[in-house]
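Residue-level structure breakdown
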Amino acid sequence: MKPIICITGTPGVGKTSISHRLSEELDGNLIEINKLAEEKDLFIGEDPVRGYKIVDIPSLCKEIINVIDDDSFNIVEGHLSHYCKICDLVIVLRLHPRILLQRLKDRGYDQRKVKENVEAEALGVCAYEAYQLHDERVHEIDSTGLSPDEVLDEIIRVLKGEKPYTFGSVDFMEWFLEGGKFLND
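Treat the numbers as computed from the prediction; the structure is a model and nothing was measured. (Residues numbered from 1 in each chain as written. Predicted model: local features only at pLDDT ≥ 70, side-chain atom pairs only at ≥ 80, totals over all residues. Heavy atoms only, no water.)

1. Quick word on the overall build of the chain
Helix and strand content of the chain: 8 helices and 7 strands. Taken over the C-alpha trace, the chain has a radius of gyration of 16 Å; the compact-globule value for 185 residues is 16 Å, and the two agree within 12%. Its C-alpha atoms give the chain principal-axis dimensions of roughly 50 × 40 × 30 Å. Per-residue burial over the chain gives 46% buried out of 185 residues. Here the chain has roughly 9800 Å² of accessible surface; of this, 47% comes from carbon and sulfur atoms. (Helix = DSSP H or I, 4+ residues; strand = E, 2+ residues; numbered from the N terminus. Rg over C-alpha atoms; globule rule 2.2 N^0.38 Å. Buried < 20%, exposed > 50% of the residue type's maximum accessible area, 1.4 Å probe, protein only. Areas by Shrake-Rupley, 256 points an atom, 1.4 Å probe, with all protein chains shown as cover.)

2. Quick notes on the state of the cysteines
Think of a disulfide as a covalent bridge from one cysteine sulfur atom to another cysteine sulfur atom. Per the stated rule, a full pass over the model turns up 2 disulfides. There is a disulfide in this structure between Cys6 and Cys87, and the S-S distance comes to 1.9 Å. Residues Cys6 and Cys87 are joined through a disulfide that is left-handed, its torsion about the S-S bond being -85°. On the criterion of sequence distance, the pair formed by Cys6 in strand β1 (residues 4-8) and Cys87 in the loop between β5 (74-77) and β6 (89-94) is long-range, its members being 81 residues apart. In terms of burial, Cys6 and Cys87 fall into one category: buried. The side chain of Cys61 participates in a disulfide bridge whose partner is Cys84; the two sulfur atoms lie 2.3 Å from each other. Because the torsion about its S-S bond is -85°, the bridge between Cys61 and Cys84 counts as left-handed. Taken together, the positions of Cys61 in helix α3 (residues 57-67) and Cys84 in the loop between β5 and β6 put the pair 23 residues apart, joining distant regions of the chain. Take Cys61 and Cys84: they sit in the same class, and that class is buried. When the bonded cysteines of the chain are counted from the start of the sequence, the pairing works out to 1-4, 2-3. You can see Cys126 has no disulfide; the closest cysteine sulfur is in Cys6, sitting 12 Å from it. (Disulfide = S-S within 2.5 Å.)

3. Side note on the environment of Gln102
Here Gln102 shows up in helix α4 (residues 97-106). Sequence spacing of Gln102 and Val114 is 12 residues, and the spatial spacing of their C-alpha atoms is 9.0 Å.

4. Some remarks on the sheet that holds β5
With parallel pairing, the 5 strands of this open sheet are ordered in space as β2-β5-β1-β6-β7. This sheet does not close on itself; its edge strands, each paired only once, are β2 (29-32) and β7 (138-142). Across the sheet, the mean angle from the axis of one strand to that of its neighbour is 20°, orientation sign disregarded. Sheet topology note: the β2/β5 ladder contains 4 bridges and is parallel. Paired with Asn29 across the bridge in β5 is Asn74. (Pairing = 2+ DSSP bridges. Axes fitted to C-alpha atoms, helices over the stretch in contact; angles between N-to-C directions.)

5. A short note on the packing of helix α1 (residues 15-26) against helix α7 (residues 148-159)
Axis separation between α1 and α7 bottoms out at 10 Å; the angle between their running directions is 60°. Looking at the two axes, α1 sits oblique to α7. Relative to α7, the crossing made by α1 is right-handed. Facing Ile18, Arg21, Leu22, Glu25 and Leu26 of α1, the residues of α7 in contact are Pro148, Asp149, Val151, Leu152, Ile155, Ile156 and Leu159. Residue composition of the contact of α1 with α7, grouped by class: 9 nonpolar, no polar and 3 charged. (Parallel < 35°, antiparallel > 145°, perpendicular 65-115°, else oblique. Left-handed = near helix turned anticlockwise from the far one by under 90°. Contact = heavy atoms within 4.5 Å. Nonpolar A, V, L, I, M, F, W, Y, C, P; charged D, E, K, R; others polar.)

See the structure below:
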């Protein structure tokens, strides 16, 4: 069976666009977990405070197994992908909170959602969660200042084994220490 690569990260860091490019580059089977969750109605409720749908992670992981193509390179994309233990390798895309803040604002996210996601990125929440489940199979790539082609090249280097294990190498805590400015600050 070909490898299963999970691409995760905070909303807005570039997972979807990079995953599409990687899928084209490697002629891979792209599994977009947000679409899969919608298609299969894999929700267990709605968050009463934030209003988003809560995904049934165990059911999602089972559905991913059903759409894996044993003859293809599989790319599982989404900010929840790292919860599925099927990943042979986890790529966590990271982006400086200052840039992420503007991207999410440009997407029309409400201020609370922007703040929550930017703080999660500054703290490295997705990277930490991925590390807890996958240990040294986790690689962080800081996409700040990189073109999509450069991010793709970094991922290819990881896949070829040319880029070493990198969990913990991306640190945006200085943004907090500098007072991390939000929309109305």
